[in-house]
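Examining the three-dimensional arrangement
Letter by letter, the chains look like this.
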Amino acid sequence: MNKSTIKIGVVRFLESQGPKSKSKIEDYIRLELGTNGDTTSRRMRELVASGVLKKVQREHEGKKYWEYSVCELEVTFNDTSSQEMQQLQTLNL
């Protein structure tokens, strides 16, 4: 098992299921890849630090928890040609 496999699993899970709590992500990765919660948490912290994931504190029934989701990519036009910009505008991006 390598780091990127866990990270890919986390991102794919969140992309398909939407924002989830840390424990839900850890449970899923444990079932799918057989890793422990500490290892998954470490990879999630790395993904947050690199800007791939974001975490937001939420509250449910008076208890606080962290919710993780995949960050949206921002389209920048600094390095695109005018033809590419026209194509993107046509697609409403």
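Let us look at the structure shown here. Worth saying up front: this structure is predicted, and the values here are computed from it rather than measured. Counting from 1, residues in each chain are numbered in the order their sequence is written. Per-residue local features of the predicted model are confined to residues with pLDDT of at least 70, and side-chain atom pairs are confined, for both listing and counting, to 80 or more; whole-chain, interface and lining totals are unaffected and use all residues. Each side-chain value is derived from all of the structure's non-hydrogen atoms; neither hydrogens nor water enter the calculation.

1. Observations concerning the sheet that holds strand β2 (residues 53-60)
Spatial ordering of the open sheet is given by β1-β3-β2, a layout of 3 strands whose pairing is antiparallel. The two strands at the open ends of the sheet, each matched to only one other strand, are β1 (20-21) and β2. Pairing between strands requires that DSSP locate at least two bridges from one strand to the other. Segments assigned H or I by DSSP are reported as helices when at least four residues long, segments assigned E as strands when at least two residues long, and all are numbered from the N terminus.

2. Description of the side chain of T40
You can see T40 is positioned in helix α3 (residues 37-49). Whether a residue is buried, partly exposed or exposed follows from its accessible area with a 1.4 Å probe, protein chains only, as a fraction of its type maximum: under 20%, in between, or over 50%, in that order. A residue is classified by how much of its surface remains accessible, and T40, at 0% relative accessible area, is buried. Whether two residues are in contact is decided by their heavy atoms, any of which lying within 4.5 Å being enough. Those residues in contact with T40 that sit more than four places away from it in its chain are I6, V10, I25, E26, I29 and T35.

3. Observations concerning the packing of aromatic side chains
When two rings of Phe, Tyr or Trp (its six-membered ring) have centres within 6.5 Å they constitute a pair, described as stacked for plane angles under 30 degrees, edge-to-face for angles over 60, and tilted for the intermediate range. Overall, the coordinates contain 1 aromatic pair when judged by the stated rule. To sit over a ring, a charge needs its Lys NZ or Arg CZ within 6 Å of the ring centre and within 35 degrees of the ring normal. Above the face of the W66 ring, K55 is positioned so that its terminal group lies 4.4 Å from the ring centre.

4. A closer look at helix α2 (residues 22-33)
Helix span, as expected, comes to 1.5 Å for every residue beyond the first. Between its first and last C-alpha, α2 extends 16 Å over 12 residues, near the 16 Å set by a 1.5 Å rise per residue. Those residues of α2 that fall on the buried side of the exposure criterion are I25, E26 and I29. The arc that holds every buried residue of α2, seen down its axis, measures 95 degrees, which confines them to one face. Looking at α2, the residues exposed on the side facing more than 90 degrees away from the buried face are K24 and L31. Residues of α2 that are buried sit in contact with α1 (3-17), β1, α3 and β3 (63-70). Following α2 by one or two positions, G34 adopts a phi angle in the positive range, close to 75 degrees. The arc in question is the one spanned by the directions pointing from the helix axis to the C-beta atoms.

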